[in-house]
Structure formats: C-alpha cells, structure tokens
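The lines below spell out each chain.
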Amino acid sequence: MLLCLRITYCLILLQISFAYSQALPEDARFTGMSGASVAVPAHTSPTSNPAGLISGKKVFSVNSGNKYGLKALNCHSVSLMVPFKRYTFGLVYQQYGFSLYKYRRGGFSAAYNLTPHFNTGIHVSGHHLLIGGKTNTVLTADAGVQYKIKKGVFGVHVSNPAQTSWDHTPEGTLPARFRAGYCHLFSAVFLLSIEAEKQLSESPGLKTGLEYFISKRLYTRCGFALPGAEASFGTGFVLGHLQADLAFEHHAVLGYSSSLSLAYAW
Amino acid sequence: MPGRSVLCGLLVLFAVSSLMAQEPEDPEILDEHADINSVREQQDVYRIHPLDLNATVYEELKMLRVLNDIQIQALLEHIRKNGKLLSLYELQSVPYFDEQVITALLPYVTVEETGIDPAAGSLLLIRYGRELENRHGFVISDPEKAYSGDPSEWLFKYRFKTMKGIEGGFVAEKDAGERIGPGNGGFDFYSGNLVYNPGKGILRKIIAGDYQLRIGQGLAVWNGYALSKRADVLNVIRREEELKPYSSANETRFFRGTVFTLNYKHLYMNFFYSNRDLDGKKRADSGFTYYTNGFHRTVNELQFKGQLNQQLAGSRVSYKSPDLLAGITSAIYTTAEDSGYRETMKLISADYFARYRNMILSAELAYSNRSFAFVQALSVIPDPAVQLSFVYRNYSPGYRSLFASGFAEKETTNEKGLYAGLSLILKPRLKLNLYADIYRFPVHTGYEADRGCDLFAELNLKLSKSTQMLFRGRSEWNDLLSFLPDAEKVQRFSYEIRYKLLYIELKTRAETMMTQDIQSGILFLQDMQIKMSRKLNGSFRYVLFESLQGRPFYTYENPLPYSHSFAVLSGSGVRTYALLKYKINGYIQCSARYALTWYKGMVNIGTGLDKIAGNKRSEINAQFILHF
C-alpha cells in the first residue's frame, strides 16, 4: 500500500516536473518579477535568456527555492558565469526531488556580444531523471537574442525547439517554449519588463515584472503572471560584491513558492 | 480562455475628450454605494468659487477628484518649500504635474488671495421630476398595494455659509409614489444641520444635525462616496475630510446627532453621537433586515419605516502632521426594535497615512465581532513616467461593521485580495493605465464562486487640446479554475472619442460585452453639447443598445447640475434625452430635461408595481438654482 502511494506520488510529481523541468525556478530576482526575464539585460540567471548573460563580471551564485510548498519540489542550484572578451560562458547545476524521484540538470551557456546593440546566446542542458529505480537522460538546447534600443531591450528565447522526449512518447515530451518580451529602462533605478510565453501544449501566458532601487543597496521587485493569476514580490540587497535576493510567488490555486539567491560578483 | 482575454484585453478606444471638466468613471467601476452627488456638488462649488491653492489642505484637494495622493503631496510640499504660488503657470514646476493634470485642475483653482471663503454664500435648489407613463403601482385599485402618492419627485435643498465659519442647510425630498401632505408630516425625507467651523482654537468644528464620518481606509466607519477599482488606478488611498455636514438626499448613509473636534497642536480628538430611526425589521432567527432604498410608497414599505432605532457613540484620537496622520477610533452602536430586541456591536480601529519621499502608505486594522479586518495600501512614483499602487486586504468572515466601506470586490467582510495598479506615461500625450485584482472569499456556499480575477487596461491618447481618445478593456472571471465549464467570465471593451468644434462638443462611444460562451452585447452612444449663447447650453444624447441577459449596460448621465444618475439599459432598444440649461444671470440658473427609453419587442417594462404597460418610458425633469 505504501509503495503504491509512493508510486502514485511520483507519477503526480512527474506530471508537474515535465512543465517544471522546462520552467525550473528562476533565480530569486526573476521569481520576484514573476519570471518576466527574457528581455532583462545583464542578468546572472543561467536558466533565463542566455543572450542576457553579458554583464562583464564573473559571478558565482547559489539558489534555493520551493514550489507550492511541496517538499519534493525543493530546488537547489549553483552557477558560475565568466566573461571572456566578447563572450560570457556559464555553467549551472540544478536538482530537486527525493530518494525515489530525483531530477538533476547540468547546463552550459555561451553568450556573445555581436554588436553594441545585439547579443545572442545558446544554452545546452543535460537532464537526468531517476524515478522508481529507472533513469533517463536527455539533452535539450535553448537559444536567445536581445536587441537594445534607446531605453529598452527586446528579447526572444526559444527552449527545446526539438521537443526532446524522455521516452519517445507524447506524454514524456519536454515542452517547447517560446518567449518574447520587452524591458524598458525608465532610469537607472527603475525597469519594467513584460513578456509573452507560449508552450506548445499550453495556452499563452503573459508576465510583467518591475524592479526598483529603493536606495543604492536595496531593491524591491514585484510581478504578475497569467494564466493562474500569480503575483510575486521580492527584495534584494547588495553589500559590496555580495548580492542577496529573496522572493515569494503566489498562485491563486496552487499556493506559495519561494526563492532565495546569493551571488558573489567580481 | 484567460490567455486570449489577456491578448485582446487592450482595445483602443478613440475618445475625444473635450475641454469639459473631468467626469467620473464608468459606473461599473465605481463603488456601488457612491454618493457622487456630493462630489459633483463640491466640484460645481469650486468651479464657481475656485479653490485658493495657497490656502488649501490635503482633504480639500482630494475632494476635487482630479489629483492623486502623490500629486497632492507634491503640490503641498512645493508650496511649503518655495512659498506661495504666484501664478497658476507655476504648476508646471510641481513634480508629477503634467499638461493633462494641470488642464483638468485649472477650472477649480486659483492663486489669488481674495480673503473671501470661496463657498461663502447661499444656495437654493428646487428640483422636480416625473415619469410620463404610469407604473402599475399608480393604477392598481387595491389600496393595500398601490402607491400612496403621485408620480412626481421633489427635492428642496438650501445651504448657506458665512465668512465667520458658520454654515448649515436643510434638504426635503419626496420620491415618486410617496405621499406629500400634512398626514405624512410633509415630505418623506428631511435632513438638516448647523456647523460651526472657526478654523482655529481648541474647538475646531462642531456639527449638530446630519453629518458624515469618513475615517481611515473605511474599515470601521465611512459614509458616502468611497473609492474602489477605477480607471484612475492610483487613487486607491483614502484620505477625506473626516467630519462633513450631510447635504444629500440619500436616506441612509449619514448619522444624525452631534459631533465635534478638539485640537491642540498636532493632536485632534473627535467625539460623535448619533441617534436615528432606520427602516427595517427583526429577522426570524436573529439580526435585522435593513431597507436602504428609501422608498415609502406602499403600505408594506411604510410599515417598516423607522421601525428600528440605532444609536452610535464613539471617539477618535489622531495625530496630524504634514507627512503623517495616525489615529485610533472606537465606537459602540446599538440597534433596537420596539419589541425590545437589540443588538450591540463594538468597533475599534487603528489607521495611519504616511508620506515618505515618493511613496504614500496607508493602512487600517479594525476589530469587531471578535474578528479582524486589515487593509494596507501603497502608492509610489519610482519614475516621473511611472506610477504604481498596491492594496492588500484581508477581511475575516466574522468581521462586521454596518458603516464600513472598505476597498473590496463585494463587501468589507469575508474577502482577501491583492490589487495592483500601474500608470505609464508612454509619451507626453499617451498614457496607459492598468490594474489587476485577484481576490477570494474564504467562506462561500457550494454554488458561488470562491475566487476571481479582474483585469483592466486603458489607453488614453490626447491627439490635441480638443481631441482625446480612450480605449478600455476589462476582463473579469470568477472561479480561477478556469477549466471548469461553469467558470464565469465577462469581457468588456469600449472605444470613446470626444472632440470639440467651435461651440459644439461631441462624444462617441462604442462598447461591447462578451461572456465565455461568446454571447455579446453592444452599445453605441452619441453625445452632443452645444453652447447656443452666453446664457443657453444644450445637451443631447442618443444611445442604441443590445445587452446580454442579466447583464445590463450602465451609462453615466449628468441630467441636471448638482445631480447624477446611471441609466440601466437592459434588453434591446434606444435611449435618448435632451437637456437645456439657461443662466438668467450670475445667480439664477434653470434647467429642463426630457428623456425617452424605447425597448424593442417588449410588451411591458419592469415587473410588479414598477411595471409600465407598453415598450416606452419617458420622463421630464426641471431644476431651479439660486446663488446669493
């Protein structure tokens, strides 16, 4: 009976994780902005648009988050970004799960500053899933671009266009995801980002997020996403080379998610 | 589907806004308890006697309904730092004031120090109205069911204000169907008050008679007009004049007794008492049923008139400074019936209003019936082109206050929600207003939606000084589990254009409403205002409508000066009216209006005693105003 319950629980998690693994929690900065990150420039999130990784700094970050209060969806990640000439390279490792169900992902990103206004990037991930003693490994690829105009940035990001599948069945297919958005930099202390997202098997979504520097060291963020009417709030603190971010997200039906990130830039 | 609704949520409305004064929002966005007469009345007073910006206070500027909280604070701060305004042109140098805001404000303000109270003087208003077709209640032969009076409506209003801080007035009113005469004590409704407002000294203000209280964010005690979700997405923080003499004809939203304010430096103390009779009855189980429509036309309605007695006593202590207002309010009220049954309720609340740099915060925590209600609001301008507002509310299911009017989807109990509003100035003449409100009702029956979401977007484009366009989209749905077949969704889109040609101002609006099963209603509206001469103005309207079953269109109408109404357009048909206003001189103004609503394919209009035989309903209104 207990084994039956555990298998049922794993199957439920599997269903969630198919969407989850393609939309693993952003770092706390973008969680606080409801994930509206595709056009935000100079970020440090390796799971977002790779074209936005151009920041000119080396960054090491760790992130810990939880989705909807489910213990099995405690996600931890660690990443490293290193600029080199007009490139920025990134490595990321993420995992969540428990003994009978474990998901891991390792990824490599490369961003290139083509022109002062145009960045492009790719990201390749290896996904490894352990469920009920069986394992599966697949590879996915992402690509993205960002184009800067006077006070804003346009961004486009495509994930897994090849629709890789765990087990070559429609149910086991990791969804392809397309995102496009715009980020307006009103000033050095305030930005507003909006994006539209479409997964092939889902209805389109709209996300909007904003970030505001209350003072030189303190950020505040908020965002809203549809469908699901998710509202998010976040805050960040900068102390020298260290930046800490905390964010909470509320889904009207599924409940609360949280995320904490620590980053060291030099 | 939510995605589709979001993607098509912004339809541009071309609205040409004339140089007319700012109009209130569409009624669907206004609070259902809005007593807008007092707002329009206040605006009309300041149009005749402009408000001196150098001698005004926060609450007076808020009453104009033109500026949001940040703008009011910025203006007062500008005057405090730089001294009095020498010219209205200086408004351009006040932070957060743009051309649109200044244009909307100009009709109501001045910087000339006249030494004269702008509202000093007297006003006499007499209004008459009647429907030309008789409702069933007027022709039925059974005296137990028929209306006791004639179809005419009467309103008499007199108000005066002296230079020495004394003001007062009275109101007498009769609705259609109510009897007038000595047997009924004269008119059906009377209201009056006397106010002493010296403006200085320990005794700051005293009102004897009918008055309104507006405290905090409305969780405990708030009479009258209340802000809620609206196209002006930032004006969600409430701060009004806490004590106001009552001068409206609404028969329920006021107190009757006395209230006074003591002041010492920054400390204010208010003491209030009210004793009045209400219409209602005791319910079979417990509690009371209140009848608030104010009608006393039939034997059945008359039997509940004044059957309940309500007494209220309370006090408020507050600290006020330019950047901070904090107060604690406590009250106890008892409602009793002749049989001896009574219920007593205690209220206590704490509230604050604070300004910090470019942010305004306000909150209120109230306790009653062993339950709490809480609201926290924030308005912030992080950039001159961006304005944000947030309101979080959490009202326990058990919280009860008869006088509450908090920020809510339904009422100030059993509701949790988060509202976010955003206003973007994309270009000098292009403004985008957005809001999103997600809410839930913790306790609900199995047949009602327990949660919902409300989205709104408005694009405001000012093509020139005389041309403005408005595009509005609104999407509401209940029960966020949208894959359930009975999730109720309604989407509304409207397009409006106003333009001015010499002495003619025109407004054209197209509006549509759709439900999740793609049924739609549509409305076309054409307004025209003509300045025929220096003394004579005319207004004309033509509306073509076809509404959804159970979802009428509401159109705001400004039928006569100092009044407003909402036409409820249900079914399919045409509504039209013509209004003439004649200013005999600077003191006397006469107005007359004829309105007609014609319904397609209907044999009767309305039901019960309100039924009208035929498919046509027409009415006439006339008004006389004397300023002296």
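Residues numbered from 1 in each chain as written. Chains lettered and ligands numbered in written order. Predicted model: local features only at pLDDT ≥ 70, side-chain atom pairs only at ≥ 80, totals over all residues. Heavy atoms only, no water.

(A) Geometry of the overall build of chain A. In terms of regular secondary structure, chain A is built from 2 helices and 14 strands. Buried residues in chain A amount to 48% of all 266 residues. Put simply, 45% of the contacts in chain A that link residues at least 6 apart link residues at least 24 apart. Only carbon and sulfur atoms are counted for the fraction: they give 68% of the accessible area of chain A, which is about 12,000 Å². (Helix = DSSP H or I, 4+ residues; strand = E, 2+ residues; numbered from the N terminus. Buried < 20%, exposed > 50% of the residue type's maximum accessible area, 1.4 Å probe, protein only. Contact = heavy atoms within 4.5 Å. Areas by Shrake-Rupley, 256 points an atom, 1.4 Å probe, with all protein chains shown as cover.)

(B) Broad picture of the pairing of strand E8 (residues 177-187) of chain A. All names here are of chain A. Sheet topology note: the strand E7 (residues 152-159)/E8 ladder contains 8 bridges and is antiparallel. Bridge pairing in E8 places Gly155 opposite Gly181. For E8 and strand E9 (residues 190-199), the ladder comprises 10 bridges, and the chain directions are antiparallel. Of the residues in E9, the one forming a bridge with Ser187 is Phe190. Linking two consecutive strands that pair antiparallel, namely E8 and E9, is a turn of 2 residues. (Pairing = 2+ DSSP bridges.)

(C) Summary view of empty space enclosed by the protein. Residue and element names in this part refer to chain B. Tallied over the full model, the rule gives 12 cavities of 30 Å³ or more. Approximately 110 Å³ is the volume attributed to the largest cavity. As for the largest cavity, its lining consists of 16 residues, and the residues nearest its centre are Gly216, Arg238, Arg239, Leu325 and Asp351. Among the elements of the structure, strand E13 (308-321), strand E15 (342-356) and strand E16 (359-368) are those that each provide at least two residues to the lining of the largest cavity. If one sorts the elements of the lining of the largest cavity by residue count, E15 sits on top with 3 residues. (1 Å grid on protein atoms, 1.4 Å probe; cavity = no way out; pocket = protein on both sides within 12 Å on 5 of 7 lines; lining within 4 Å. Points joined across faces, edges and corners; volume = space filled by probe spheres on them.)

(D) Representation of the interface of chain B and chain A in the model. Of the residues lining the interface, 24 residues belong to chain B; the matching set on chain A comes to 20 residues. Here chain B packs against chain A, burying approximately 1,800 Å² in sum over the two surfaces, 83% of which is carbon and sulfur. Between chain B and chain A we count 0 salt bridges in total. For the pair chain B and chain A, the interface holds 1 residue pair in polar contact (both at pLDDT 80 or more). Of all the elements in the fold, those that place two or more residues in the side of chain B that touches chain A are helix H1 (2-7), strand E17 (371-383), strand E18 (386-395), strand E19 (415-427), strand E20 (430-440) and strand E21 (451-464) of chain B. In terms of residues, the side of chain B that touches chain A owes the most to one element, H1 of chain B, which gives 4 residues. (Buried area = accessible area lost by both parts, 1.4 Å probe. Salt bridge = Lys/Arg side-chain N within 4 Å of Asp/Glu carboxyl O. Polar contact = N/O pair within 3.5 Å; in protein donor to acceptor, adjacent residues only side chain to side chain.)

(E) Quick look at the side chain of Gln199 of chain A. Residues and elements named next belong to chain A. Within the element layout of this structure, Gln199 appears in strand E9. For Gln199, a relative accessible area of 11% corresponds to the buried category. Those residues within four positions of Gln199 in sequence are excluded, and the remaining contacts are Pro175, Ala176 and Arg177.

(F) Just the nonpolar core, in detail. If you look at the biggest cluster of nonpolar residues, it comprises 62 residues, and the most contacted ones within it are Leu61, Leu64, Leu67, Leu75, Leu91 and Phe97 of chain B. A total of 6 residues in this core trace back to one element, the largest contributor, which is helix H4 (residues 69-82) of chain B. The residues contacting Leu91 of chain B, other than those within four sequence positions of it, are Leu53, Leu75, Leu85, Phe97, Ile102 and Leu105 of chain B. Ranked by size, the runner-up nonpolar core spans 19 residues in total, among them Tyr212 of chain A together with Val380, Leu388 and Ile497 of chain B. (Core = buried A, V, L, I, M, F, W, Y, C linked by side-chain atoms within 4.5 Å.)

(G) Focus on the packing of aromatic side chains. Residue and element names in this part refer to chain B. By the definition in use, this model includes 37 aromatic pairs over all chains. Considering the side-chain rings of Phe138 and Tyr147, the 4.9 Å spacing of their centres and the 70° angle between planes classify their relative orientation as edge-to-face. A residue is classified by how much of its surface remains accessible, and Phe138, at 22% relative accessible area, is partly exposed. Taken together, the ring pairs connect Tyr128, Trp154, Phe156, Phe187 and Tyr190 into an aromatic cluster. One residue, Arg276, lies across the ring of Phe254, its end atom 4.0 Å from the ring centre. Here the basic side chain of Arg593 rests over the ring of Tyr577, its NZ or CZ set 4.8 Å away from the ring centre. (Phe/Tyr/Trp six-rings, centres within 6.5 Å; stacked < 30°, edge-to-face > 60°. Lys NZ or Arg CZ within 6 Å of the ring centre and 35° of its normal.)

(H) Highlighting the pairing of strand E5 (residues 118-131) of chain A. All names here are of chain A. As paired strands, strand E4 (residues 101-115) and E5 are joined by 14 bridges and run antiparallel to one another. By the bridge assignment, Asn113 is partnered in E5 with Asn119. Connecting E4 to the next strand, E5, in antiparallel fashion are 2 residues. Pairing between E5 and strand E6 (residues 134-148): 14 bridges, direction antiparallel. Within the sheet, the bridge partner assigned to Ile122 lies in E6 and is Ala143. Counting the residues in the hairpin turn of E5 and E6 gives 2 residues, including Gly132, whose phi is positive at 55°.

(I) Structural view of the environment of Phe84 of chain A. Along the chain, Phe84 of chain A falls in strand E2 (residues 74-84). Sequence spacing of Phe84 of chain A and Ser193 of chain A is 109 residues, and the spatial spacing of their C-alpha atoms is 28 Å.

(J) Local environment of the confidence of the model for chain A. Residue and element names in this part refer to chain A. Mean pLDDT over chain A works out to 84, with 89% of the residues at or above the 70 mark. Of all helices and strands in chain A, the one with the weakest mean pLDDT is helix H1 (residues 2-22) (46), whereas E7 scores best (92). Note on residues 6-23: pLDDT under 50 across the span, and 40 contacts to partners over four residues away in sequence or across chains. (pLDDT = per-residue confidence, 0-100.)

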